[in-house]
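# Fold and contact review
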Amino acid sequence: MEHTPHIGLEPESIAIFTLLAIAGLLIDLWAHRADKPISLKAATFWSLFWVAVGAAFGGFMYVHFSPEVASLYFAGYAFEMALSVDNLFAIMAVFAWFGIKSGFTHRVLYWGVLGAVVFRLIFVLIGTGLFSLGAYVEFVFAFMVALSAVLMIKKKDNDGMSDFSNHPAYKFVKFFVPLYPKLVGHNFFVSNSHVQEELKKEENKHIVLKRKGLVYATPLFLCLAIVETSDVMFAFDSVPAVIAVSKDPFIVYSCMIFAILGLRSMYFILDALRNALVYLEKAVIVLLFFVAFKLAASASLQLFGVGFEIDVYTSLIVIAVALSTGVIVSLIFGKNAKS
């Protein structure tokens, strides 16, 4: 059986991880304090910045622990980044339906990431705890991941947008807080007095409020609520995939967080190139099936003595080959797929 190192909650590692993550977030927040659209060039720069931060922590893991620990970290990081592609495409549909201007998308993604930091911690603790119960749990997670891949295959491509007014998160917010149906700057909420001022404007004369209250939620907050919910659902795929690489909670959590922190910048790259990278999602489906197979093969070996362990270096090769193939095939045949 493959030996998976457990580094535990080592104080120096936690301190370095926390300082790097917080420093990066503060730099990012300061740089994007104005609600300006993010160009492809700027998104590329910030993506490289976050990859550098994640790689720096991986380098620390290499020096402080061992090459094997660093390999587990980088494999988990690559899995999280790769499997996040489908979630980013889903977020694009949310922004489009709500008519969120490009200058405000970073704000939603920023607060969405902060929520993901909390929810990922909960999922990682639960997931690693469940994996420790035995190999039968790995079969369950393998089934869940494979089912996600099947659902992605069955999902029909359509250029039309879903009606997000029927989304559970939309209905949940609407139940507790009155809604103001128009964007008011980058505000998630607006006061009643502010709403009354808005309603006096000629362009807002047609707006009729269904409920009144002291505070109103704007479409930007509804968008955030749906993005957060989407991320929680996405965690059912990504957390088992990363835990399949390493069952150490700190390795799993740190690689996922640094990957997630870079996803906001990656969003703007994918948004600009989504029509060119038409086969990238299919590469993600391949990776999901690979994760399911890896989990099932490991569980079968432990329970029945028939199966094998797929080591971390093989996993890294599979990720690299799948993603590079998806990108190359998209660039060569993408135009024909869209025509």
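Residues numbered from 1 in each chain as written. Predicted model: local features only at pLDDT ≥ 70, side-chain atom pairs only at ≥ 80, totals over all residues. Heavy atoms only, no water.

Right, let's get into the packing of helix α2 (residues 40-64) against helix α9 (residues 249-273). At a closest axis distance of 8 Å, the pairing of α2 and α9 adopts a crossing angle of 165°. The angle between α2 and α9 falls in the class roughly antiparallel. For α2 against α9, the interelement crossing comes out left-handed. Listed contacts from α9 to Leu40, Ala43, Thr44, Trp46, Ser47, Trp50, Val53, Gly54, Phe57 and Met61 of α2 are Phe250, Ile251, Ser254, Phe258, Leu261, Gly262, Arg264, Ser265, Met266, Phe268, Ile269 and Ala272. Looking at the contact of α2 with α9 residue by residue, the classes come out as 15 nonpolar, six polar and one charged. (Axes fitted to C-alpha atoms, helices over the stretch in contact; angles between N-to-C directions. Helix = DSSP H or I, 4+ residues; strand = E, 2+ residues; numbered from the N terminus. Parallel < 35°, antiparallel > 145°, perpendicular 65-115°, else oblique. Left-handed = near helix turned anticlockwise from the far one by under 90°. Contact = heavy atoms within 4.5 Å. Nonpolar A, V, L, I, M, F, W, Y, C, P; charged D, E, K, R; others polar.)

Time to look at the layout of surface pockets. In this structure, the second largest pocket occupies an estimated 510 Å³ of space. Val51, Met81, Ala82, Met266 and Leu323 are the residues nearest the centre of the second largest pocket, which is lined by 21 residues in total. Where the lining of the second largest pocket is concerned, the elements lending two or more residues are α2, α3 (67-98), α9 and α11 (312-338). With six residues, α11 is the single largest residue contributor to the lining of the second largest pocket. A class-by-class count of the residues in the lining of the second largest pocket yields 17 nonpolar, four polar and no charged. (1 Å grid on protein atoms, 1.4 Å probe; cavity = no way out; pocket = protein on both sides within 12 Å on 5 of 7 lines; lining within 4 Å. Points joined across faces, edges and corners; volume = space filled by probe spheres on them.)

Next up on the list: the nonpolar core. Core analysis: the biggest nonpolar cluster contains 100 residues, and Phe98, Phe258 and Leu270 have the highest contact counts within it. The dominant element in this core, judged by the number of residues it contributes, is α3, at 18 residues. Leaving out residues up to four positions away in the same chain, Phe98 has contacts with Phe164, Tyr170, Pro219, Leu222, Cys223 and Ile226. Within the second largest apolar cluster, eight residues are counted, among which are Val184, Val190, Ile207 and Tyr216. (Core = buried A, V, L, I, M, F, W, Y, C linked by side-chain atoms within 4.5 Å. Buried < 20%, exposed > 50% of the residue type's maximum accessible area, 1.4 Å probe, protein only.)

Here the focus is the side chain of Ser84. The residue Ser84 is located in helix α3 in this model. The residues touching Ser84, leaving out its near neighbours within four places in the chain, are Phe234 and Leu263.

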